[in-house]
Structure formats: C-alpha cells, structure tokens
Amino acid sequence: MKTAELRSAFLEYFRQNGHTIVPSSSLVPADDPTLLFTNAGMNQFKDAFLGREDRGYTRAVSSQRCVRAGGKHNDLENVGYTARHHTFFEMLGNFSFGDYFKRKAINFAWTFLTDPQWLGLTAEKLWVTVYQTDEDAYRIWNEEIGVPAERIVRIGDEDGVPYKSDNFWSMGDTGPCGPCSEVFYDHGPDVAGGPPGSEDEDGDRYIEIWNIVFMQFNRTADGVMHDLPSPSVDTGMGLERIAAVLQGVHSNYEIDLFQSLLKSVSEALGGVDPEQASVRVIADHIRSCSFLIADGVMPSNEGRGFVLRRITRRAARHGNKLGATGTFFHKLVQPLEALMGEAYPELTKARPQIEKILKQEEEQFARTLEKGLRLLEDDIAQLSGSEIPGETVFTLYDTYGFPVDLTNDIARERGLTLDLEGYEKAMEAQRERARAASKFGMDYNAGLSLEGETEFTGYGNFEDDGEVRAVLVE
Ligand code: ATP
Ligand code: MG
Ligand code: MG
Ligand code: MG
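Quick notes on the rules
Residues numbered from 1 in each chain as written. Chains lettered and ligands numbered in written order. Predicted model: local features only at pLDDT ≥ 70, side-chain atom pairs only at ≥ 80, totals over all residues. Heavy atoms only, no water. Phe/Tyr/Trp six-rings, centres within 6.5 Å; stacked < 30°, edge-to-face > 60°. Buried < 20%, exposed > 50% of the residue type's maximum accessible area, 1.4 Å probe, protein only. Lys NZ or Arg CZ within 6 Å of the ring centre and 35° of its normal. Near = heavy atom within 4 Å. Polar contact = N/O pair within 3.5 Å; in protein donor to acceptor, adjacent residues only side chain to side chain. Areas by Shrake-Rupley, 256 points an atom, 1.4 Å probe, with all protein chains shown as cover. Helix = DSSP H or I, 4+ residues; strand = E, 2+ residues; numbered from the N terminus. Nonpolar A, V, L, I, M, F, W, Y, C, P; charged D, E, K, R; others polar. Core = buried A, V, L, I, M, F, W, Y, C linked by side-chain atoms within 4.5 Å. Contact = heavy atoms within 4.5 Å.

1. Focus: the packing of aromatic side chains
Considering all chains together, one arrives at 30 aromatic pairs under this definition. On the numbers, 4.8 Å between centres and 85° between planes, the contact of Tyr 13 with Phe 14 is edge-to-face. Relative accessible area serves as the criterion here: at 5%, Tyr 13 is assigned to the buried category. Owing to a relative accessible area of 0%, Phe 14 belongs among the buried residues under this scheme. Members of the aromatic cluster, each reached through a chain of ring pairs, are Phe 10, Tyr 13, Phe 14, Tyr 100, Phe 108, Phe 112, Trp 118 and Trp 210. Just above the ring of Tyr 138 sits the side chain of Arg 154; from NZ or CZ to the centre is 4.3 Å. In this structure, Arg 412 is placed above the aromatic ring of Tyr 81, and the distance from its NZ or CZ to the ring centre is 4.0 Å.

Here you go:
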C-alpha cells in the first residue's frame, strides 16, 4: 500500500465510523503562544477537549502535518540516526470530544490494524503498553481484544515523578493530557532492540506506531490537574511508520515517498550514495523547511524563524559534507512538491517562494560555512581530550552562524562532546559586553542608535525543554 493510499484508507475507515474528516491545520498553531509548532493532531482541537468550543461534531479524523524540532517534543537530534524519527511527519488521528472513550477507541484501532479488509496486520506482531495503574485499558486489551498478557506492558512514572511517563501524554507543560495506551510493531529479530519497557527499548526492533490517549485532565500552569468536562480520546499514528510496516520495510526512509526523495537528494548532489545518514537528514529537512515556509515561517534569529534557520543550516552542512559545491537544498522543493503537492495544495502554491527563501539562506550561510568548518577542524586536530572547548563553540556560533546543535552534530560524528558550560560562559561575557556597549551609547548620546550593528537581542528562550537558545547577532 502506497503512503498516499494509507492516508486515504485511514480517513475513510473513520469516516465510515461516524467521524468528520477535518483538514490538517497549519504548522504554526493558531493563537497558542505555548506551542512552538504543531506537534500533534490534537492541537487544533485543544479547545474542543477543554469544552470551550463546539465544533458541531463529536468525532473527528485527520492527517495532521507536524514538526518536532523544538519545544517539548524535539526530535531534531534523532533524525537520520533512528529509523523512525523525522522533524516533519504526518500524524493520522481519530478524536472523540466527550463521545466514546477507552473501549471504543481501542476497538477502532485494533480493527483498523488487523481486519483484513483494512490493514490486516498479524496480531502476534503487535505489542501494547498501558499506563501502570490503568486497569480499564489493560482489561479491554487482554479480555476483550484478546492480546495475551505477555504482549501487554505496563509503564509507570519515570524517576518517581507523577505523570512523567511514556504512557501519560501531554501536549506541553499545560493543557489537555491523560494516560495513554500505545501499539508497537515488532519488526523481527533481525533488528536490534528490546520490547517497550525493557532496558534496550530505544532500539528500533519494536517501533511505536500508534498512541491512543485517554484525555481526562487539563493541567494548569500551577501543575494542578483538573478533570475535563467529559472524558475524550485523542490518537496519533505516524503515517510514515505505519507505511513502513505495510510496505514490509523496517525504516521510514525505505517507504515509497522517501525512496523517491532520497533519490532526488542523491541527484542534486551529483549522484552520491543515497544510503547514508546525511542524505536521510537532507531528505527529512527539506520537508520541514518547505512546509514551515509554506505556513508562513520566515528564517530569522529568534523563535520559530530561528528553528527554521537551524534546520536549513544543518541541511546545508550535511550537503557540504557530501561534497556539495554550490547551493543544492532549494532544488529539492520541486521533487518534494511532485510527491506531496496533491495532498497539500498549499505546498504547490508556495513553491516559488520556498525556493527563493531557501536559496537565499543557503547563499548567506555558504559564505561562512567553509571558514567555520576549517576553524573547527583545526581545533579538533589540536584537541587532547574528547571535548570541544566552549570558546570554539561560541566563536562558531557568534562569528560563523553555526547554531549549537549543528556543532554538536559534527562533534557527535567524531565521538566528541561540547563544553556547553564554557559556551554559556562565553555567551554571558558577550551579553555583558553588549550591555556595557548599549549603556555607553545611551549615556553618550541618547539619540545614537546602535541597532543593526551592535544590537544584542538577548536570549530567545522560546524552548520549554530547558535548553537556552541564543539569538544570533549578525
Ligand atoms: P517515540 O517514542 O518513537 O519518539 P512519541 O512517543 O514521542 O514517539 P507520540 O507523541 O506518542 O510519539 O506521537 C504519536 C505518534 O506519532 C507516534 O506513535 C509515532 O507513530 C508518531 N511520531 C512521533 N514522533 C515522530 C517523529 N519524530 N517522526 C515520525 N513519526 C513520529
Ligand atoms: Mg518522541
Ligand atoms: Mg514514545
Ligand atoms: Mg508515544
């Protein structure tokens, strides 16, 4: 089954079961400053779960474009290295707003996955997890569906922190949340990794395909959990992951859509071997960058725009690593549009704009990329330990426009780490200097504008994952 057919089958199955098909919302969440990018299908229904909005239906189904490259759900570092993570992906989801709850949600999922009329997966390949104390979900899976106890795993809280669990889903630090039950697919003994909940669960043998969230609470900023007006359901299944299962391949990058994209990347880089991490990274990044721009995000030095810039620069750096001599990234918009434009007409419409912006970004970064890389190489050559000094990380950032995660990416390839503490210190010193400079300017001549040249815009602390992202001063 082709990826596009799978998307249609999902929507159709739930439509037949009384769900209204709702189009994907933008990657830029509407009126939600708590969220960097749309990271799940439920985002656009947040108010419906909270009982603040009546959408005229109580069952919905969608295929939602998502980006997880910052904020609470951040997969940027995983991309290209795991079989299952992208910065941009599509999340298939069915939703109940105070309509059905656990029993129906589990039954719907199981029927869609195993019924030969739909996906027809072998039941023995599927594992499920439930939240430690969720007896209802356990019983439904075990007694009603018939999943044997050996393949049902209870997952509790991490480090004893209440509700900090893979089986307790939250959109962010506040908002709708609840216990969840997940379905995993066993890709077989040829792949390394243990079942969910085991020591080596981070391997790629057992891949999480579907998360069924039993929305019950609204968490407020003070950490208090309030009951939702009525228990609801929110589910999310990664389209690329389930496509891999159906196409009998292990990695998302082996599905029809990515095979084609990897080929385009290889061609754009003069025929490099498509089976390498850098090619996968680029194929992934062209999707997030293109869709972000289509949804109105512009590269900039803070907030959403800075994340877009970081992703673009990462792609450029990986291209450089593969021997790219000129700009190449923007050339991938056309093949991407050929693959996804039918499902996403906004991509087709924005194509000329996306190409132009990416080309500009590439050109701008190309001017400093090589110099920065040379500096880093020199430093690495002289390194005695395995840690790149904070000063280097800072200079790369400050002078050459290397976002820290980019330097980290390079370091990881060499088995090296970064002295982040030293980097923070250098940043702090820089801030001090900027403060002093602006004070001097103010004292000397209140009308003197320092903008553009020495303006320091401070830290863009837009992430809620505790990472401080500095704002690039150019
Ligand atoms: P994982 O544990 O594999 O990182 P997750 O638990 O973070 O996944 P959820 O938040 O439960 O994922 O999202 C619902 C579904 O969306 C997942 O079961 C998976 O199929 C899909 N998904 C999540 N993150 C990604 C990603 N970065 N790329 C592709 N698909 C994803
Ligand atoms: Mg994750
Ligand atoms: Mg998970
Ligand atoms: Mg999950």
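This is not the end of the story, as more comes after the structure.
2. Here we look at the site of ligand 1
Among the 18 residues in the neighbourhood of ligand 1, the closest are listed as Asp 75, Arg 84, His 85, Glu 208 and Asn 211. Between ligand 1 and the protein, one listed contact pairs an oxygen atom with a side-chain N or O atom of Glu 208 at 2.7 Å. Side-chain polar atom of Asn 211 to an oxygen atom of ligand 1: 2.7 Å apart, as the coordinates give it. Here ligand 1 loses 90% of its free accessible area of 590 Å² to cover by the protein chains. Put simply, the parts of the chain that give the shell around ligand 1 at least two residues each are strand E3 (88-96), strand E8 (206-219) and strand E9 (225-238). Partitioned by chemical class, the residues of the shell around ligand 1 number 6 nonpolar, 6 polar and 6 charged.

3. Thoughts on the nonpolar core
Across soluble globular proteins, nonpolar side chains have a tendency to be buried as a group. Counting 86 residues, the largest nonpolar core has Leu 113, Trp 141, Val 183, Ile 209, Trp 210, Ile 242 and Phe 329 as its most contacted members. In terms of residue count, helix H7 (residues 277-294) provides more of this core than any other element does, 8 residues in total. Setting aside its immediate chain neighbours within four residues, Phe 329 contacts Ile 282, His 285, Ile 286, Cys 289, Thr 312, Ala 315, Leu 358 and Glu 362. Among the nonpolar cores identified, the runner-up in size contains 23 residues, and Ile 380, Leu 396, Phe 402 and Leu 418 belong to it.

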